[in-house]
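# Structural description and commentary
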Amino acid sequence: MLLNALTNYLQNQPTSSDLQSQQAQAPSGVSERAETGSDDTSPALYTVSDRAVMMSAVAMEFNIHALAPEQLGQFQNRLQEYGLIDNQGIQALSIVHTARLNSEDNGAVDAKAIIDKAYQQTQEPGTTYSQRKQIHQLHTLFSNLDSATPQQKAS
């Protein structure tokens, strides 16, 4: 899965000949500013961060809206392996494990919904700063994973 994500990313990067053709097609004012480098508003190429590539790879491998109970450990290990979660985040991730154990059905878990609910609960008075911080980091991580999930095309 990771190899596929990285291959797809690399295949969609512009080559040096693409860059040269873009510069040749650019209006003369834009190319002069790009060559001199004196203008900070010159168009720059978008570069994808390593974190974004890792998020995309995890999102392709795991569906956080329907996470099978046997995948929870693999999901946690993958997040830790890619450096997307730290020890505090792992402690906060126990919310998903606890919610799965407390649910009556043993089917897939909507981890995103669990984290969203926990995030809303941390906005109430009585939540410690460390709990709020842990849940906020997990909420951000899960929101990023959700946005990196490939969308199904309607046919």
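Residues numbered from 1 in each chain as written. Predicted model: local features only at pLDDT ≥ 70, side-chain atom pairs only at ≥ 80, totals over all residues. Heavy atoms only, no water.

## So, the nonpolar core
Rules: Residues grouped as a nonpolar core are buried Ala, Val, Leu, Ile, Met, Phe, Trp, Tyr and Cys residues, joined through side-chain atoms within 4.5 Å. Throughout, exposure labels follow a simple rule: accessible area from a 1.4 Å probe, protein chains only, divided by the maximum for the residue type, with under 20% read as buried, over 50% as exposed, and the rest as partly exposed. Put simply, DSSP marks the helices as runs of H or I at least four residues long and the strands as runs of E at least two long, and each gets a number from the N terminus on. In what follows, residue pairs with any heavy atoms lying within 4.5 Å of each other are defined as contacts.
Counting 27 residues, the largest nonpolar core has Phe75, Phe142 and Leu145 as its most contacted members. Broken down by secondary-structure element, the contributors of at least two residues to this core are helix H4 (50-61), helix H5 (72-81), helix H6 (87-102), helix H7 (111-122) and helix H8 (129-148). With five residues, the top contributor of residues to this core is H8. Once residues within four sequence positions are removed from consideration, Phe142 is found in contact with Ile64, Phe75, Leu93, Ala111, Lys112 and Ile115.

## Considerations on the packing of H4 against H8
Our working definition: To get an axis, a line is fitted to the C-alpha atoms, and for a helix only the part in contact is used. The angle between two axes follows their N-to-C directions and goes from 0 to 180 degrees. An angle below 35 degrees is read as roughly parallel, one above 145 as roughly antiparallel, one from 65 to 115 as roughly perpendicular, and any other as oblique.
Viewed as axis vectors pointing N to C, H4 and H8 meet at an angle of 70°, and their least axial separation amounts to 8 Å. One finds that H4 runs roughly perpendicular with respect to H8. Across from Arg51, Met55, Ser56, Val58 and Ala59 in H4, the residues of H8 making contact are Leu141, Asn144, Leu145 and Ala148.

## Here's the deal with the environment of Lys133
Turning to its location among the elements, Lys133 is positioned in helix H8. Of the residues examined, Lys133 reaches a relative accessible area of 37% and is grouped as partly exposed. Sequence separation between Lys133 and Gln88 is 45 residues; the distance between their C-alpha atoms is 9.2 Å.

## Re the confidence of the model for the protein chain
The line we're drawing: Here pLDDT means the predictor's own confidence in every residue, given as a number from 0 to 100.
Per-residue confidence for the protein chain averages 75 on the pLDDT scale, and 66% of its residues sit at or above 70. Predicted confidence in the protein chain is weakest over helix H3 (residues 28-36), with a mean pLDDT of 46, and strongest over H7, with 90. Every residue in residues 28-39 is under pLDDT 50, and counting partners more than four places away or in other chains gives five contacts.

## Some words on the packing of aromatic side chains
What counts is decided by this rule: Geometry of aromatic contacts follows a simple scheme: Phe, Tyr and Trp rings, the Trp one being its six-membered ring, pair when their centres are within 6.5 Å, and the pair is stacked under 30 degrees between planes, edge-to-face over 60, tilted otherwise.
In total, this model carries two aromatic pairs according to the counting rule given. A centroid spacing of 5.4 Å and a plane angle of 75° characterise the contact between Phe62 and Phe75, whose relative ring orientation is edge-to-face. With Phe62 in the loop between H4 and H5 and Phe75 in helix H5, this pair connects stretches of sequence that are 13 residues apart. Since its relative accessible area comes to 1%, Phe75 is described here as buried.

## Things to note about the pattern of salt bridges
The condition is simple: By salt bridge we mean one thing: a side-chain nitrogen of Lys or Arg within 4 Å of a carboxyl oxygen of Asp or Glu.
According to the stated counting rule, one finds three salt bridges in the structure shown. A salt bridge links Glu61 to Arg78, with the shortest nitrogen-to-oxygen separation between them at 2.8 Å. Taken together, the positions of Glu61 in helix H4 and Arg78 in helix H5 put the pair 17 residues apart, joining distant regions of the chain. Lys112 serves as the salt-bridge partner of Asp116, at 2.9 Å between the closest nitrogen and oxygen. Placement of both Asp116 and Lys112 in helix H7 is noted, with a separation of four residues, approximately one turn of the helix. Residue classification places Asp116 among the partly exposed residues on the basis of a relative accessible area of 23%. Here the salt bridges do not stand alone but share partners, grouping Glu61, Arg78 and Glu81 into one network.

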